[in-house]
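Architecture and fold: a report
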Amino acid sequence: MIANLAALAAEEEQNPLIPAGPELLVGAIAFAIVFFVFATKLLPRINKALEERREAIEGGIEKAEAAQTEAQSVLEQYKAQLAEARHEAARLRQEATEQGTVLIQEMRAEGQRQREEIIAAGHAQIEADRKAAAHALRQDVGKLATDLAGKLVGESLEDHARQSRTIDRFLEGLEDASKAEATR
């Protein structure tokens with residue numbers, strides 16, 4: 001059979017670029033079957049997958065744009081809240097400064113009032129101490145003067161009324177003398 005085929009092939013000399021008729025017919029039928037299967041089964045699936053991919057991409061872009069728009073609005077809200085918070089903080093700082101200034105003024109006024117009270121109390125205490133010292137000095141000077149006068153006169157000046165009058169005259173005389181010297 002091989003010999004037969006080889007003899008048949010040697011008799012026919014064909015052009016290698018042009019196929020034989022039966023091969024051409026079988027090739028055309030096979031091509032039509034493959035084309036039919038491809039056009040009816042495979043091509044719609046490919047088109048459907050491409051359409052789904054296109055829709056997914058477009059949907060993703062729309063979602064991304066929506067997300068970007070939402071993010072922009074959230075950013076604007078954040079900026080507005082931040083500006084409001086800064087304004088509120090500035091207002092609170094201003095109020096605290098004003099309250100601090102008022103408090104300082106009140107404390108100064110209270111300190112001034114207390115200082116004046118302390119000074120007045122000190123002056124009153126000094127005046128009271130001066131009067132007490134003058135009274136004690138007057139008594140001591142009067143007693144010494146009475147004792148000295150009693151020793152000079154040679155009699156006792158123990159009478160209290162007489163003693164007081166003598167002391168008062170003596171001290172008045174001293175005061176008048178000091179005033180007379182001061183006016184010169």
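Sequence positions are assigned chain by chain, starting from 1 and proceeding in written order. Per-residue local features are limited, in this predicted model, to residues with pLDDT of at least 70; the limit for side-chain atom pairs, both in listing and counting, is 80 or more; totals at the level of whole chains, interfaces and linings are taken over all residues. Water and hydrogen atoms play no part in the side-chain values, which are based on all heavy atoms of the structure.

Before going further, it helps to examine the overall build of the chain. Of regular secondary structure, the chain possesses 3 helices and 0 strands. By the criteria applied, helices consist of DSSP H or I runs no shorter than four residues and strands consist of E runs no shorter than two, each listed in order from the N terminus. Listed by position from the N terminus, the elements making up the chain come as α-α-α. For the chain, buried positions account for 4% of its 184 residues. Here, Shrake-Rupley sampling with a 1.4 Å probe gives the accessible areas, and only protein chains in the shown set may cover a residue. Here the chain displays about 16200 Å² of accessible surface, and carbon together with sulfur accounts for 62% of that area. Here the term buried applies to any residue with accessible area under 20% of the maximum for its type, exposed to any over 50%, and partly exposed to those in between, with areas from a 1.4 Å probe on protein chains only.

Take the confidence of the model for the chain next. What pLDDT expresses is the predictor's confidence in each residue, scored from 0 to 100. Of the residues in the chain, 82% reach a pLDDT of 70 or more, and the chain-wide mean stands at 82. The least confident element of the chain is helix 1 (residues 2–11), whose mean pLDDT is 55; the most confident is helix 2 (residues 21–153), at 88.

Each salt bridge in this description consists of a side-chain nitrogen of Lys or Arg and a carboxyl oxygen of Asp or Glu lying within 4 Å of one another. Counted according to the given criterion, the structure contains 7 salt bridges. A salt bridge links R91 to E88, with the shortest nitrogen-to-oxygen separation between them at 2.2 Å. In this pair, R91 and E88 are both assigned in helix 2, 3 residues apart and thus about one turn of the helix distant. The partly exposed category is assigned to E88, whose relative accessible area is 33%. In this structure, E95 engages R91 in a salt bridge whose closest nitrogen and oxygen atoms are separated by 2.3 Å. Here the residue E95 and the residue R91 both occupy positions in helix 2, the gap between them amounting to 4 residues, near one helical turn. Relative accessible area serves as the criterion here: at 32%, E95 is assigned to the partly exposed category. Judged by relative accessible area, which is 33%, R91 ranks as partly exposed. The structure contains a network of salt bridges with shared partners spanning E51, R54 and E58.

Attention shifts here to the packing of aromatic side chains. Working definition: a ring pair exists when centres of Phe, Tyr or Trp rings (six-membered ring for Trp) sit within 6.5 Å. Plane angles under 30 degrees give stacked, over 60 give edge-to-face, the rest tilted. The final tally for this structure, using the stated rule, is 1 aromatic pair. Summarising the aromatic geometry, the rings of F31 and F35 are spaced 6.2 Å apart at their centres and angled 20° between planes, so their arrangement reads as stacked. Of this pair, F31 and F35 are both found in helix 2, 4 residues apart, which corresponds to roughly one turn of the helix. Under the relative-accessibility criterion, F31 is labelled exposed at 58%.

A residue counts toward a patch only above 30% relative accessible area and without a salt bridge, and it is joined to like-charged neighbours within 9 Å or, for Val, Leu, Ile, Met, Phe, Trp and Tyr, to nonpolar neighbours within 5 Å. Together, L25, I29, I33, F36 and V37 give the surface a local cluster of nonpolar side chains, amounting to about 510 Å² of exposed area. For V37, a relative accessible area of 44% corresponds to the partly exposed category.

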